[in-house]
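# Chains, contacts and geometry: an overview
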Amino acid sequence: MEELEAFVARLPKVELHVHMIGSASADTVLELARKYPDSGVPRTAGGLRDFYAFRDFPHFIDVYTAVRLLIREQEDLAALIRGVIRNLAAQNVRYVEFQDWPHGLTANGIPRAAVTETLDIVAREALAEHGLRVGYIFDFPGQRAGLTARDVLAHALEDPPEGLVGLGIGGIEEGRAPYRDVIRDVFGAAAAAGLHRVPHAGETTGPESVWEAIEHLHAERIGHGIRAMDDPRLVAFLAERQLPVDVSPTSNVCTRQVAALAEHPLPRMIEAGLNVTLNSDDPPMFGTSLTEEYLAAVRVLGLSRSQLTALSANAVRASFLDEHAKKSLLADIAGQPDLRRAGNPSELPT
């Protein structure tokens, strides 16, 4: 097992589906909870662990919202992201695309310009200090699309951070129906402006939400997408088009979308030929990390080391990095000496 851990530690990684607020370390959340004792967020480590025990997906959204409401000042946001970046760099993550709901920060009282400034500053620091490239995906919760979607789009188009790469939608999938037209319009405008589209779909609702994301939201990647496996025609479509699906197994278990990690459909998705990437979603809230997701993929789900390498390469190709950076990172993955011993060299990424 120690050899496996060393293998995963050395594997260059890309994190494509991780929420900025949900990535706040326990230490950061506790510090902010003590700074703002009126928040209702526990101020002890044990209390926070209990706070992160989710009954269902709506309860997870409630807890996530409580943590988001702790980010009240520009310095809070900067401290949070810097902590997350240090954690990612320690895992040999070379590129990350943070999902961020900027309206949730401006609603807390942080001016739009200050949000953008902070995102720019920490991205430059991440590259200079850790060699970690940072991209941002502005998103909004589907159940609040009527109130916030256009504001998020305006922020993206009028005052974007330098690293902005796309637009997403998360939250409670069942809550999108009343705002279908607004959501379609906003994603259409994002496409026209050259922003990439990365909606969550098929996490808590069925394959129809994935079809909606493909046909009407112009999806270039699908967040979660596990319910796609319920529709053979959709599985065949995703496999043929190689539309990337960003999978987060531990998240799906913690939010009660999958009964147990051993039952997660990731191996079946790979077997069906889907273009899958492996991600951590909201790692401290789910007691995981990207490294732990890779380890669990072997220990619990039975993937091979060459499959781990392929997942890492999938994430590079599915990212919105420029082509030069992709080629460089793929070469780093393929050039690891122990990776070449892990499987048939012809199967490794190039």
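Just so it is clear, the structure is predicted and the values come from calculations on it, not from any experiment.

## With respect to the pattern of salt bridges
Enumeration according to the criterion identifies 18 salt bridges in this entry. Arginine 72 is paired through a salt bridge with aspartate 38; the nearest N and O atoms lie 3.2 Å apart. Residue arginine 72 is located in the loop between α4 (57-68) and α5 (74-90), and its partner aspartate 38 is located in the loop between α2 (26-35) and α3 (45-51); the two are separated by 34 residues in the primary sequence. In this structure arginine 72 comes out as partly exposed when scored by relative accessible area, which is 26%. In this structure, the salt-bridge partner of aspartate 181 is arginine 180, at a minimum N-O distance of 3.7 Å. What makes aspartate 181 partly exposed here is its relative accessible area of 48%. Three or more residues joined by partner-sharing salt bridges are found here, namely Lys35, Glu73, Glu75 and Asp76.

## Side note on the nonpolar core
Considering soluble globular proteins, one finds that nonpolar side chains tend to be buried as a cluster. One finds Phe98 and Phe140 to be the most contacted residues of the largest nonpolar core, which totals 114 residues. Apart from the residues lying within four places of it in its own chain, the contact partners of phenylalanine 98 are Val18, Met20, Ile81, Val84, Ile85, Leu88, Val134, Gly135, Tyr136 and Ile137.

## Looking at unusual backbone geometry
Located in the positive-phi region is glutamine 242, a residue other than glycine, with phi close to 55 degrees. Using a relative accessible area of 37% as the deciding quantity, one classes glutamine 242 as partly exposed.

## What about the environment of leucine 274?
Mapped onto the secondary structure, leucine 274 falls in the loop between α13 (266-271) and β9 (276-278). Excluding residues that lie within four positions of it along the chain, leucine 274 makes contacts with Met229, Val235, Leu238, Ala239, Gln242 and Met269.

## Examining the sheet that holds strand β7 (residues 222-224)
Strand order in the open sheet made by the four strands is β6-β7-β8-β9, with parallel pairing throughout. Only two strands of the sheet have a single partner each, and these edge strands are β6 (200-201) and β9. As paired strands, β6 and β7 are joined by two bridges and run parallel to one another. Among the inter-strand pairings, alanine 201 is bridged to a residue of β7, identified as histidine 224.

## A look at the sheet that holds strand β1 (residues 13-19)
The five strands lie next to each other as β1-β2-β3-β4-β5, forming an open sheet whose pairing is parallel. With one partner strand each, in any of the chains shown, β1 and β5 (196-197) form the two edges of the open sheet. Against the sheet, α5 makes contact with β2 (93-100) and β3 (133-141), and its axis sits at roughly 145 degrees relative to β2, the strand it touches most. Contacts from helix α15 (residues 290-299) reach β1 and β2 within the one sheet, and its direction differs from that of β1 by about 110 degrees.

## What about the side chain of serine 248?
Following the sequence through the fold, serine 248 ends up in the loop between β8 (245-247) and α12 (249-254). For serine 248, the contacting residues outside a window of four places in its chain are His17, His224, His264, Asn279, Ser280, Asp281 and Glu293.

## Details of the packing of α15 against helix α16 (residues 305-318)
If you want to describe how two helices pack, look at the angle between their axes and the distance between the axes. The contact between α15 and α16 brings their axes to 10 Å, and the two run at 145 degrees. Between α15 and α16 lies a crossing of right-handed hand. Of α16, the residues touching α15 (which contributes Tyr294, Ala297 and Val298) are Leu308, Leu311 and Ser312. Grouping the constituent residues of the contact of α15 with α16 by class yields five nonpolar, one polar and no charged.

## Some words on the pairing of β3
Most of β3 is tucked away, with eight of its nine residues classed as buried. Relative to β3, β2 runs parallel, the two being bridged by six bridges. The residue of β3 that forms the bridge with tyrosine 95 is arginine 133. The pairing of β3 with strand β4 (residues 164-170) spans six bridges and is classified as parallel. Note on β4: the bridge partner recorded for phenylalanine 140 is isoleucine 169. Taking the sense of rotation as the criterion, the β-α-β connection linking β3, helix α8 (residues 145-158) and β4 turns out right-handed.

## Notes on helix α7 (residues 112-130)
Think of an α-helix as turning once every 3.6 residues; residues three or four places apart then point the same way. Here α7 is 19 residues long and its end C-alpha atoms lie 27 Å apart, about the 27 Å a rise of 1.5 Å per residue gives. For α7, the complete set of buried residues consists of Ala114, Val115, Thr116, Thr118, Leu119, Asp120, Val122, Ala123 and Ala126. On its buried face, α7 is in contact with α5, β2, α6 (102-106), β3 and α8. The first or second residue beyond α7 is glycine 131, which carries a positive phi of 65 degrees.

## A few points about the confidence of the model for the protein chain
When pLDDT drops low, the exact placement of atoms in the prediction is not to be read closely. Looking at the protein chain, pLDDT values average 94 and 95% of them are 70 or higher. Every residue in residues 340-350 is under pLDDT 50, and counting partners more than four places away or in other chains gives 17 contacts.

## Some remarks on the packing of aromatic side chains
Scanning the model with the defined rule gives ten aromatic pairs in all. Put simply, the rings of Phe51, Tyr52, Phe54, Phe57, Phe60, Tyr64 and Phe286 touch in pairs and so form one group of aromatic residues.

Rules used throughout
Residues numbered from 1 in each chain as written. Predicted model: local features only at pLDDT ≥ 70, side-chain atom pairs only at ≥ 80, totals over all residues. Heavy atoms only, no water. Salt bridge = Lys/Arg side-chain N within 4 Å of Asp/Glu carboxyl O. Helix = DSSP H or I, 4+ residues; strand = E, 2+ residues; numbered from the N terminus. Buried < 20%, exposed > 50% of the residue type's maximum accessible area, 1.4 Å probe, protein only. Core = buried A, V, L, I, M, F, W, Y, C linked by side-chain atoms within 4.5 Å. Contact = heavy atoms within 4.5 Å. Pairing = 2+ DSSP bridges. Axes fitted to C-alpha atoms, helices over the stretch in contact; angles between N-to-C directions. Left-handed = near helix turned anticlockwise from the far one by under 90°. Nonpolar A, V, L, I, M, F, W, Y, C, P; charged D, E, K, R; others polar. Right-handed = clockwise from strand over helix to strand, strands pointing away. Expected span 1.5 Å × (residues − 1). pLDDT = per-residue confidence, 0-100. Phe/Tyr/Trp six-rings, centres within 6.5 Å; stacked < 30°, edge-to-face > 60°.

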